[in-house]
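A closer look at the structure
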Amino acid sequence: MSTKKPKHIFIVDDNEIYSMMLGYILSKDSIYKFVNFKSGRECIENLHLNPEIIILDYEMSGLNGYDTLLEIKKHNSRIHVVILTINDDEKLKEKLLMAGADYFVLKQGHGETQIIEKIEDILYKQESIRLQDNLRKILLQFSQKIRVDRKSTRLNSSHANI
């Protein structure tokens, strides 16, 4: 019986109450393991923990969400980032997506529900890619075995003819 490793997710928000509430809502599902940070700087200093996803507030004092995103992507471009904001500005959204954010979610309304959907979407895509890679490896091994078997069959039949 295999057990799935919890997915390592950072929540980066200088609003501790929102961050704790979000962590509580999301941690109801045991596949998520959350680490909360109050600033972009704290997040960057802990990237060695190798998160799969970072939920990143845009409006933070000190290093804002955009600058933090750039630093995250410099460290590891494969880390998925979901930006949280109260700012519904299309130009800002475009700027963040161009900088490497996977999604842009508004905090107001049903932001928490959207965050869960975005996390699940990212994890689903990662699993699909992993399964496709495994299938490619299996097919490659299979095709190599067929080639070896064909060569062996040809050699055996040519030796039989001699």
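Scope of this entry: the structure provided in the associated data block. (Residues numbered from 1 in each chain as written. Predicted model: local features only at pLDDT ≥ 70, side-chain atom pairs only at ≥ 80, totals over all residues. Heavy atoms only, no water.)

1. Observations regarding the overall build of the protein
- Helices and strands together make up the secondary structure of the protein, namely 5 helices and 5 strands.
- Along the protein, from the amino end to the carboxyl end, the secondary structure elements read β-α-β-α-β-α-β-α-β-α.
- In the protein, which comprises 162 residues, the proportion classed as buried is 34%.
- The long-range fraction of contacts in the protein, counting pairs at least 24 apart against all pairs at least 6 apart in sequence, stands at 63%. (Helix = DSSP H or I, 4+ residues; strand = E, 2+ residues; numbered from the N terminus. Buried < 20%, exposed > 50% of the residue type's maximum accessible area, 1.4 Å probe, protein only. Contact = heavy atoms within 4.5 Å.)

2. Structural notes on the nonpolar core
- Within the largest apolar cluster, 21 residues are counted, with the highest numbers of intra-cluster contacts made by I54 and L56.
- Only β1 (7-12), α2 (40-45), β3 (53-57), α3 (65-75), β4 (80-85) and α4 (90-98) provide two or more residues apiece to this core.
- The residues contacting L56, other than those within four sequence positions of it, are V12, G65, T68, L69, I72, V81, V82, I83 and L84.
- Judged by nonpolar contacts, the second largest core, of 17 residues, contains I9, I11, Y18 and V105. (Core = buried A, V, L, I, M, F, W, Y, C linked by side-chain atoms within 4.5 Å.)

3. Looking at helix α1 (residues 16-27)
- Between its terminal C-alpha atoms α1 stretches 16 Å, which fits the 16 Å expected from 12 residues at 1.5 Å a residue.
- Within α1, the full set of buried residues consists of Y18, S19, L22, G23 and L26. For α1, the buried positions fall inside an angular range of 130° around the axis, keeping them on one side. Of the exposed residues in α1, those oriented more than 90 degrees away from the buried face are I17, M20 and Y24.
- For α1, the side-chain oxygen to backbone nitrogen distance between the N-cap and I17 is 3.2 Å, and the N-cap itself is N15. (Expected span 1.5 Å × (residues − 1). Arc of directions from axis to C-beta. Polar contact = N/O pair within 3.5 Å; in protein donor to acceptor, adjacent residues only side chain to side chain.)

4. A word on the pairing of strand β5 (residues 103-106)
- Inspection of the sheet shows β4 paired to β5 by 4 bridges, in the parallel sense. Its bridge partner being in β5, L84 is matched across the sheet by V105.
- With α4 bridging β4 and its parallel neighbour β5, the resulting β-α-β unit is right-handed. (Pairing = 2+ DSSP bridges. Right-handed = clockwise from strand over helix to strand, strands pointing away.)

5. A few points about the packing of aromatic side chains
- Per the stated rule, a full pass over the model turns up 1 aromatic pair.
- Judged by centre distance (4.7 Å) and plane angle (65°), the ring pair of F10 and F37 falls under edge-to-face. Residue F10 is found in strand β1, and its partner F37 is found in strand β2 (residues 32-37); the two are separated by 27 residues along the sequence.
- We classify F10 as buried; its relative accessible area is 0%.
- Taking the relative accessible area as the measure of exposure, F37 reaches 5% and is therefore buried.
- Cation over ring: K95 sits above Y66, and NZ or CZ is 4.2 Å from the ring centre.
- Over the aromatic face of Y18 sits the side chain of K107, whose NZ or CZ is 4.6 Å from the ring centroid. (Phe/Tyr/Trp six-rings, centres within 6.5 Å; stacked < 30°, edge-to-face > 60°. Lys NZ or Arg CZ within 6 Å of the ring centre and 35° of its normal.)

6. A few points about α4
- One side-chain oxygen at the N-terminal end of α4 lies 3.0 Å from the backbone nitrogen of K91; it belongs to D89.
- Where α4 ends, the next residue or the one after it, G100, has phi of about 120°, a positive value.

7. Details of a negative patch on the surface
- Residues D88, D89, E90 and E94 make up a contiguous surface patch of negative charge.
- Note on placement: D88 falls in the loop between β4 and α4. (Patch = residues over 30% accessible without salt bridge, like charges linked within 9 Å, V, L, I, M, F, W, Y side chains within 5 Å. Areas by Shrake-Rupley, 256 points an atom, 1.4 Å probe, with all protein chains shown as cover. Salt bridge = Lys/Arg side-chain N within 4 Å of Asp/Glu carboxyl O. Lys, Arg positive; Asp, Glu negative; His and termini not counted. Charge placed at Lys NZ, Arg CZ, Asp CG, Glu CD.)

8. Description of the environment of V81
- Positionally, V81 belongs in strand β4.
- Residues V81 and K118, spaced 37 residues apart in sequence, show a C-alpha to C-alpha distance of 9.8 Å.
- Among residues more than four places away in sequence, those in contact with V81 are I54, L56, L69, I72, K73, A101, D102 and Y103.

Fair warning: the whole summary comes from geometry, so function is off the table for now.
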